[in-house]
Amino acid sequence: MEADLRRLFDILPGLVWATGPDGVTNFVNRRWREYTGITVEELRERGWTATIHPDDIPWVRESWRAAVTTGNSAEFEMRLRRSDGVYRRFSVKAEPFHDAHGRASGWYGVNIDIESQRRAEAQLEVEKQLLELVTRGVALPEILNQLCLEVERLSPGALCSILFSDPDELRFRLGAGPNLPETYNAVLDGLKIDPYFGPCSLAIKKRSTIIVTDPPNDPRWLGSAWPGMMVEFGLSSCWSAPIVGSRGRVLGIFAIYKLECVGPTDEELELIDRFAKLSGIAMERAESDAKLAASTMELQRANHFLAGGQRLSKTGSFSLDTTTGEQVWSDENYRIWEFEPTVPPTMQMVLAAIHPDDRDTAYNAFEDAVRERKDVEIVYRIITPRGGVKHLHTVMEIIPEFTEHVVYLGSSQDVTESRLAEAALRESEANLARANVHLSAAQQLSQTGSFRWDAETLELTWSDENYRIWDFDPAVPPTMEMIVEAFHPDDREATMTAIEEAARTRSAFDAHYRVVTRDGSVKYLHTVSMPVPEIRSHAVFLGSTQDVTESKLAEEAQKASAAELRRTNSYLTAAQRLSKTGSFTWDVESGEVDWSEETFEIWGFEPTVTPDMSIVVQVIHPDDLERVGAHLGEATSAGESFEMYYRIITPAGVLKHIHSVANRIPEIADRLIYIDSVQDVTESKQAEEVQKASEAELARTNTYLTAAQRLSQTGSFTWDLERDEHNWSEVIYQVFGFDPGVKVTMDMIASTVHPEDMPHVETLLRNAAIGEKFELVFRVLRADGEMRHAHVIGHRIDQIPERPVFMGALQDITDRKLQEADLNHARAELAHVARVTALSALTASIAHEVSQPLAGIMTNANTCLRMLAADPPNLDGARMTAQRTLRDGDRASEVIKRLRGLFTRKPPTLEHLDLNEAVREVLALSSSELQRRRVIVRTELPGEVPPVLADRIQIQQVILNLVLNAADAMGAVNDHAREMHISSHSDDDGAISIFVRDAGVGLETTDVELNSP
């Protein structure tokens, strides 16, 4: 059963382990062993924390100790070292299992790898922040700059760059590169796109990510200056990815640089792909905003020109939905019909205004056109509300975008003046003989000239107005050659054919054509002529020619305006699609609703569906329906505008968040009609929810960080040097003995610094004032008299370039300092014991060193007495003997002094000493012992060795240990001399070495075992 259980654990996907009742691990599954690279036996030998990240050990140990003590389950997170040395974050869960008496017999645990999850959460948070910037319409350079900084934070050691490609894709333009060298960015800005120059250009050509880990040795860039640039700026790797827009167009390059020769990990490749897409979204959004602004400006300008053109040409425009009867009129159309602009026009109002004699003809022409789905052009009269009669020329064309029913776009021109002129012309012709003077005046008013033409003799008789119209000299009789020459080249052949046909058949002539005057201007003329019936022998025509240039130009302007209106409408439709914003109108009284195409798309209905408020209510989310209904009821009851957010569930089951803004149309006073916009804000709403979740996670993380600082006695801080502003965590307040939350100043901090450490603190302040990072260990004298040791590290915040602002950490190392003091005391005791032990081995040598000068003193004293007792006394000899006695006394005193120094327990004292002299003193003390061991000592102690600053006793102890060790190493040598060689050497860099070599047998390599001190 146990073997089956172990096999089951081995195939589980997690890292499974088990412990005994004492909490010690006694089983790990195969995946745990493969991940860590060690067995459960090795784990026991190294300790169960051997694979845990050092920073996580304290609180993991505390969590596990609590679980073992209480017999409860445990759950925590920690970083676990993989076999290749990489740490990954795991979620650890452990559950106890119990014996028959309910006591915990051990724990089963599983470690689940959550590293990718945490990394994804961090990336998601960054993406959410960047998308929020895009949604708010923040300037593109600021968005790209922030994007680079976030990528560099997610990928430590990375330097990020974003480049635009020109529309013709011939050169790069700098988008962002906040931490790359400015000179490197300057080279990239305007750089020609050349796939043989570097990876950014090649990525555009291949439309794929290009990885370069060793530029100077990459054969793809042989002959290019780019590898040299990388080396010059200290860059070693470059990973370039194309930024491709939603329509497949390459917008630019997203690149990551590294200071070492490395390729991207799988996580970094995903990072490149995601942030390249984010860059594309930001670029396309900026491009769309620019196009939308330009379209709006163009629409406003076009509407202004259209209104002016209609006013000048007396032409109004309108649209007519033949299914709903809805009409939309321009201001000029209201003026022509003399209708009240606040009253929406209807077909009944239009028909009632048409002159009774023209009503049936106009109505039948309109009905036939609608039935046959064709354009309409009619001329008719209307009777205005003031009783006036107007002649109108109406042209209507079907709008092709509406395929389900017929919708017309049309214009109505007030041609009353031209109609009255035509009537006046006919009246003038009938009364030609009687009112010739009046005819000339009428011709001038109506820009109409008259003529007589004999088709046989080609004789022409013109009125004065006809000369003015044709711009001919009245003093020169007109001829057919002159007329033919004046015809516009494009109209000449057709017009002459019509004239010749009328002359041949003696029929009426009616033609529209253009002429080119002497100054090069073009005029539009309308000529009507009839044969004189009284002349039967040949064809003689009487006719009139009217200058219709103004009406023709107005007609062309009208058509151009109609085309521009259609184009503007298509721009508006595209803008709504890009911004996910639809528009509609709602007649509250009739319930009639008119939606734009984008509104159908947002609500998820087919455009063939006729919208009304009933289908709107059906898709509103049940939880929002009551609130929306109440809001609409209040707004419609008061006749006020409204704005609200709510959710809908489309017929396809998709949940969407909607933002509606509706304004009452003020021009319609007799009933309540709203014009409304609806925007799909689902993405921004989802981004808000993600942001709230991230903020909650950030609060939890901050709590964990505070606890970790408290456990490790480490606090964090920020310090604005110029403003003397300090933001401290709780631990730092405890170190200085300040009340938490009190405003801290540098004077307060300086008052607590130990006086001996104050010069170092002042040096730190001077360096910090110029922006240099700092690190210092110092002592704090708190107000309660307690002294604390602190270790502080600070780095300048690069994102605040205008003044030095630092971020850092301060750790309370008092306990560590006390432990170091205890350790130093123990080491001093151990050194003293070692000296006593070494000196005990030199007892015979020391006795010899002391007895030798004493014997000399005795001999010299006896000799001195004999010399003084001689007759006469030998005073010179006695004086020399006394001097030798003093010398031997000094020698004995020196030996005893050195022995006392070696035996005395006192702290080290640094002095300048001669190493060669120290060696000679040690050899003097140990000479007897070396002679006893038959050791021959050879020295090579040059006089140019400089003095060193050291403790004489400790140096002599080291030399003595080396000498005795060398003598011990030759204790078994009998076949050759026991020779010891001692030398000193001074290197050029000032290092001094003492070498002690012996003639011992040495050690085998396999027998060597070094112990740590």
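Attention in this report is confined to the structure presented alongside it. (Residues numbered from 1 in each chain as written. Predicted model: local features only at pLDDT ≥ 70, side-chain atom pairs only at ≥ 80, totals over all residues. Heavy atoms only, no water.)

**Regarding a nonpolar patch on the surface**
Phase 1: There is a patch of nonpolar side chains on the surface, built from Leu8, Ile11 and Leu12 and spanning about 260 Å² of accessible area.
Phase 2: Within the element layout of this structure, Leu12 appears in the loop between helix H1 (2–11) and strand S1 (15–19). (Patch = residues over 30% accessible without salt bridge, like charges linked within 9 Å, V, L, I, M, F, W, Y side chains within 5 Å. Areas by Shrake-Rupley, 256 points an atom, 1.4 Å probe, with all protein chains shown as cover. Salt bridge = Lys/Arg side-chain N within 4 Å of Asp/Glu carboxyl O. Helix = DSSP H or I, 4+ residues; strand = E, 2+ residues; numbered from the N terminus.)

**Concerning the environment of Lys314**
Phase 1: Mapped onto the fold, Lys314 is located in the loop between helix H10 (266–313) and strand S11 (315–321).
Phase 2: In the structure, Lys314 is positioned 240 residues away from Ala554 in sequence and 8.4 Å away in space, judged by C-alpha atoms.
Phase 3: The residues contacting Lys314, other than those within four sequence positions of it, are Glu332, Arg335, Ile336, Ser412, Gln413, Asp414 and Glu417.
Phase 4: One polar contact links Lys314 to Glu417, side chain to side chain, over a distance of 2.6 Å. (Contact = heavy atoms within 4.5 Å. Polar contact = N/O pair within 3.5 Å; in protein donor to acceptor, adjacent residues only side chain to side chain.)

**Details of the sheet that holds strand S30 (residues 805–812)**
Phase 1: Read from one edge of the open sheet, 5 strands run S27-S26-S30-S29-S28, paired in antiparallel fashion. The outermost strands of the open sheet, each flanked by one partner alone, are strand S27 (725–728) and strand S28 (774–781). Strand-to-strand twist in this sheet, taken as the mean axis angle between neighbours without regard to direction, amounts to 25 degrees.
Phase 2: Note that strand S26 (residues 714–720) and S27 share 4 bridges and pair antiparallel. From the neighbouring strand, Trp719 faces S27, where its bridge partner is His726.
Phase 3: Across the sheet, helix H26 (residues 758–769) touches S26, S28 and S30, and the angle it forms with S28 is around 140 degrees. (Pairing = 2+ DSSP bridges. Axes fitted to C-alpha atoms, helices over the stretch in contact; angles between N-to-C directions.)

**So, the environment of Ser91**
Phase 1: With respect to the element layout, Ser91 can be found in strand S4 (residues 87–98).
Phase 2: On the basis of relative accessibility, which here comes to 15%, the residue Ser91 falls in the buried class.
Phase 3: With 21 residues separating them in the primary sequence, Ser91 and Ile112 have C-alpha atoms 5.1 Å apart.
Phase 4: Once residues within four sequence positions are removed from consideration, Ser91 is found in contact with Phe76, Glu77, Val110, Asn111, Ile112 and Ile114. (Buried < 20%, exposed > 50% of the residue type's maximum accessible area, 1.4 Å probe, protein only.)

**Some words on the pairing of S11**
For a regular strand, side chains alternate in direction, first toward one face of the sheet and then toward the other.
Phase 1: In terms of burial, S11 is largely enclosed, as 7 of its 7 residues are buried.
Phase 2: A two-sided burial pattern is seen for S11, the buried positions comprising Thr315, Ser317, Ser319 and Asp321 on one face and Gly316, Phe318 and Leu320 on the other.
Phase 3: The pairing of S11 with strand S15 (residues 407–414) spans 7 bridges and is classified as antiparallel. Following the sheet pairing, Asp321 is matched in S15 by Val407.
Phase 4: Where S11 folds back onto strand S12 (residues 327–329) in an antiparallel hairpin, the turn is made up of 5 residues, including Gly325, whose phi is positive at roughly 80 degrees.

**Overview of the packing of aromatic side chains**
Phase 1: If you walk through the whole model with that rule in mind, you get 36 aromatic pairs.
Phase 2: Summarising the aromatic geometry, the rings of Trp462 and Tyr467 are spaced 5.3 Å apart at their centres and angled 65 degrees between planes, so their arrangement reads as edge-to-face.
Phase 3: We classify Trp462 as buried; its relative accessible area is 11%.
Phase 4: For Tyr467, a relative accessible area of 10% puts it in the buried group.
Phase 5: Ring centres of Trp462 and Phe472 lie 5.4 Å apart, and the angle between their planes is 15 degrees; on these two criteria the pair is classed as stacked. Here Trp462 is found in strand S17 (residues 460–462), whereas its partner Phe472 is found in the loop between helix H16 (464–470) and helix H17 (480–486), with 10 residues between them in sequence. (Phe/Tyr/Trp six-rings, centres within 6.5 Å; stacked < 30°, edge-to-face > 60°.)

**Things to note about the nonpolar core**
Phase 1: Of all hydrophobic cores here, the largest spans 29 residues; its most connected members are Leu147, Val151, Ile162, Phe254 and Phe275.
Phase 2: Taken together, the elements giving at least two residues each to this core come down to helix H5 (115–136), helix H6 (140–154), strand S6 (158–165), strand S9 (237–244), strand S10 (250–258) and H10. (Core = buried A, V, L, I, M, F, W, Y, C linked by side-chain atoms within 4.5 Å.)

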